[in-house]
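A closer look at the structure
Chain by chain, the residues run as shown.
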Amino acid sequence: MTNDKSPLQLISRGILSENPIFKLALSMCPAVGISTTVMNGILLGTAVLFVQVFSSVTISVFKNYIHPRIRIPTYTLTIATWVTVIDLVLAAYMPEAYAKMGIFVKLIVAFAIITMRLEMFACKESVNDSFWDGLGMGLGFMVGMVAIGLVRELLGSGAILGYDVLGFKPLLFFILPSAGFFVVGLMMAFFNWIEIYYKRRRGVQ
Amino acid sequence: MRDMITIVVRLTISCLLAASVMGLCFIFTSNAKKHNEHVKEQQVMYELLGYSGAAERPASLAMHELYRYVVSSGGRQSIGYLLPGAEGEEAGFLFVNIDLDGRLIASTPVALSAGDALEAEPRNRAIQAAAGPGASVTFADQTIVVTDGGERIAYLMGGKFQGFKTFIHLMLAVDPDFALIGFEVLEHEEDPGLGAEIVEGYFKNQFKGKPFTAIKTIDVVKAPIPDDYYKALTGKVGEEEILRFREQYKEKDIYALTGATISAKAVAMGVKGIVTKFAYRIDVLDRVLQEQQLATSF
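Residues numbered from 1 in each chain as written. Chains lettered and ligands numbered in written order. Predicted model: local features only at pLDDT ≥ 70, side-chain atom pairs only at ≥ 80, totals over all residues.

1. Some words on the overall build of chain A
Per the secondary structure count, chain A includes 8 helices and 2 strands. The burial tally for chain A puts 43% of its 205 residues in the buried class. (Helix = DSSP H or I, 4+ residues; strand = E, 2+ residues; numbered from the N terminus. Buried ≥ 20, exposed ≤ 12 C-beta atoms within 10 Å, placed from the backbone.)

2. So, the overall build of chain B
Within chain B, the secondary structure is distributed over 8 helices and 10 strands. Classification of the 298 residues of chain B by burial places 28% in the buried group. In chain B, of all internal contacts separated by at least 6 residues, the share reaching a separation of at least 24 is 59%. (Contact = placed C-beta atoms within 7 Å.)

3. What to know about the nonpolar core
Among the nonpolar cores identified, the biggest contains 59 residues, and B:I127, B:A154, B:L156, B:L172, B:A173, B:V174 and B:A264 are the most heavily contacted of them. No other element matches helix α8 (residues 261-291) of chain B, which puts 9 residues into this core. Inspection of this core shows a minimum of three residues originating in each of domain 1 (61-149) and domain 2 (180-281) of chain B. Filtering out sequence-adjacent residues up to four positions away, B:A154 remains in contact with B:L49, B:V146, B:A173, B:V174, B:D175 and B:I181. The next biggest cluster of nonpolar side chains, apart from the first, holds 50 residues, and it includes A:I11, A:A31, A:L44 and A:M137. (Core = buried A, V, L, I, M, F, W, Y, C linked by C-beta atoms within 7 Å. Domains from an automatic or database assignment.)

4. Points about the pairing of strand β1 (residues 61-73) of chain B
Across a regular strand the side chains alternate sides, sitting on one face of the sheet and then on the other. Residues and elements named next belong to chain B. Pairing between β1 and strand β5 (residues 135-148): 13 bridges, direction antiparallel. The residue bridging E65 from the neighbouring strand is I144, located in β5. Pairing of β1 with strand β2 (residues 76-84), which is carried by 7 bridges, proceeds in the antiparallel orientation. The partner of Y67 across the bridge, within β2, is L82. (Pairing = 2+ DSSP bridges.)

5. Focus: the pairing of β5(B)
Two strands pair when backbone bridges link them, and β5(B) and strand β6 (residues 151-162) of chain B are joined in this way by 6 bridges, in the antiparallel orientation. For B:D148, the partnering residue across the bridge sits in β6(B) and is B:E151.

6. Concerning the packing of helix α3 (residues 38-61) of chain A against helix α7 (residues 127-157) of chain A
Residues and elements named next belong to chain A. Contact pair α3 / α7: the axes reach a minimum separation of 8 Å and the direction vectors enclose 165°. Our classification of the angle between α3 and α7 gives roughly antiparallel. Seen along the crossing, α3 lies across α7 with a hand that is right-handed. For the contact of α3 with α7, the class distribution of residues is 19 nonpolar, 11 polar and 2 charged. (Axes fitted to C-alpha atoms, helices over the stretch in contact; angles between N-to-C directions. Parallel < 35°, antiparallel > 145°, perpendicular 65-115°, else oblique. Left-handed = near helix turned anticlockwise from the far one by under 90°. Nonpolar A, V, L, I, M, F, W, Y, C, P; charged D, E, K, R; others polar.)

7. Quick look at the environment of A:F191
For A:F191, the position within the fold is in helix α8 (residues 177-204). Along the chain, A:F191 and A:S17 lie 174 residues apart, while their C-alpha atoms are 9.7 Å from each other.

8. Notes on unusual backbone geometry
In terms of backbone geometry, most residues other than glycine have negative phi values and most peptide bonds are trans. Positive phi, close to 55°, is recorded for A:A25, a residue that is not glycine. The residue A:A25 is located in the loop between α1 (7-17) and α2 (28-33) in this model. With phi around 65°, B:F178 is a residue other than glycine that occupies positive phi space. Assignment of secondary structure puts B:F178 in the loop between β7 (167-174) and β8 (180-187).

9. Some details on the confidence of the model for chain B
Residues and elements named next belong to chain B. In this model, chain B carries a mean pLDDT of 83, and residues with pLDDT of at least 70 account for 96%. β7 holds the highest mean pLDDT among the elements of chain B, 89, whereas helix α2 (residues 114-118) holds the lowest, 72. The complex prediction reports pTM at 0.68, with the ipTM value standing at 0.75. (pLDDT = per-residue confidence, 0-100.)

10. Quick notes on the sheet that holds β2(B)
Residues and elements named next belong to chain B. Read from one edge of the open sheet, 8 strands run β4-β3-β2-β1-β5-β6-β7-β8, paired in antiparallel fashion. Both outer strands of the open sheet, β4 (104-110) and β8, are each paired with one neighbouring strand and no more. Between one strand and the next, the sheet's axes are offset by a mean angle of 25°, whatever the strand orientation. In this structure, strand β3 (residues 93-99) lies alongside β4, joined through 6 bridges in antiparallel fashion. Paired with L94 across the bridge in β4 is P109. Each of β1, β2, β3, β4 and β5 touches helix α3 (residues 120-131); the most contacted strand, β5, lies at about 110° to it.

11. So, helix α5 (residues 95-105) of chain A
Among the residues of α5(A), A:Y98, A:M101, A:I103 and A:V105 are the ones counted as buried. Next to the buried residues of α5(A) lie α3 and α4 (71-93) of chain A.

12. What about the environment of B:A256?
Residues and elements named next belong to chain B. For A256, the position within the fold is in the loop between β10 (254-255) and α8. Of the residues examined, A256 has 21 C-beta atoms within 10 Å and is grouped as buried. Distance in space between the C-alpha atoms of A256 and F203 is 8.3 Å, their sequence separation being 53 residues. Not counting the four nearest positions on each side in its chain, A256 is found in contact with V220, V221, K222, T261, A264 and K265.

13. Here we look at the environment of B:V288
Residues and elements named next belong to chain B. Considering the arrangement of structural elements, one finds V288 in helix α8. What makes V288 partly exposed here is the crowd of 19 C-beta atoms within 10 Å. Expressed as a C-alpha distance, the spacing of V288 and G102, which sit 186 residues apart in the sequence, is 7.4 Å. Dropping the residues within four chain positions of it, V288 is found in contact with V96, I98, G102 and L104.

Okay, structure coming up:
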């Protein structure tokens with residue numbers, strides 16, 4: 001099975017037509033739990049981006065040596081290794097960023113999106129394509145997290161990136177975990193609606 | 001069967017590979033990490049004392065580290081303190097062993113260089129030697145006495161306690177009357193957006209200036225913070241206003257964090273525990289030092 005998409009198409013696929021959060025509905029726990037502010041979305045998105053790219057490339061390099069029966073444990077091991085490495089490097093050389101990201105980085109081991117991309121793409125495709133696919137998926141996840149964070153932060157604490165925009169707190173409910181479900185659900189519907197609308201209009205023409 | 005063997009071999013190899021990658025990474029980063037933690041701790045200490053950023057620290061300011069050990073020998077437990085001796089750095093250290101009723105068991109001078117005292121390994125060995133054979137010593141905690149020209153101005157202490165998920169690690173500063181100067185969260189794993197709000201100014205500042213009597217009975221109330229008090233806590237009003245509010249709320253309880261009462265309560269109870277225990281211990285230690293005419297640097 002070969003891949004006939006260009007790097008740009010791979011990236012845009014991750015962000016739009018196969019967005020991890022809004023289209024594939026994977027890694028919903030962080031999407032619901034942590035996306036309370038835009039900053040959280042950016043930090044977690046960056047961390048996932050790195051882990052996804054590194055893991056995709058690693059698995060793609062070793063794809064011929066992985067026994068098909070133990071591929072899932074191998075993926076988990078790869079992800080855990082990269083998460084640990086990133087955690088250690090951040091703690092050592094970027095203490096400022098680590099103070100903010102430290103909590104999130106350790107969570108990434110259990111993210112379904114990364115394992116799923118390794119299973120669906122990296123273990124079959126070339127190293128080069130895996131890199132672009134990982135980059136696209138990581139960016140797509142980041143875009144999704146930031147979009148949800150934007151809505152929740154604005155409606156929950158009346159701020160964007162910590163700057164007070166509205167001057168009051170409209171609905172505290174949006175910061176609580178349960179609101180995450182509503183926001184994610186509504187945004188999913190919104191993105192699907194856009195896609196359907198776009199396809200229909202193209203179909204008519 | 002052959003399948004099984006290949007699986008085992010391959011899994012083992014990949015585990016070994018992963019382990020060596022992580023191990024190598026750890027070796028290269030552990031020193032930098034330790035250094036960062038130390039720098040951060042120093043910075044937090046000075047910030048708690050009010051010397052943040054560019055503010056000049058007076059030369060008369062000195063920090064004296066007290067290390068507390070639990071000594072158990074022959075089924076009896078006692079508390080041992082490693083104290084810096086009176087005359088500067090050459091005086092070495094003093095190991096004071098106090099039993100649980102607050103009576104002195106022994107005090108032994110310890111020859112230890114100031115640099116070695118900061119490292120856990122040589123310090124533990126020196127303490128072991130000072131406590132005598134047959135006694136086992138366990139490091140408990142360390143406190144820093146801050147003096148300014150010989151006068152005690154504050155105590156700094158670290159503390160760990162159970163939060164909502166894992167441990168919350170704090171650094172506290174109290175004045176000689178055990179009123180809270182402030183605290184800083186060094187490490188925690190509370191939920192972002194909820195329990196993690198314990199690091200925010202509006203929560204931490206509620207503790208500032210609480211007298212010891214209030215800390216002893218501190219609790220949290222589940223109520224929204226009044227608007228004007230919130231403004232004062234976030235520093236949106238003038239200095240006098242903030243002090244006025246601090247005075248007004250000084251005997252009151254802490255307002256819980258919305259959606260994270262457990263985290264807020266954990267911090268309040270943790271602070272209470274650390275400060276009350278410390279106040280008791282330092283009283284005992286001071287009394288012993290005075291009775292026995294032992295000279296220390298603070």
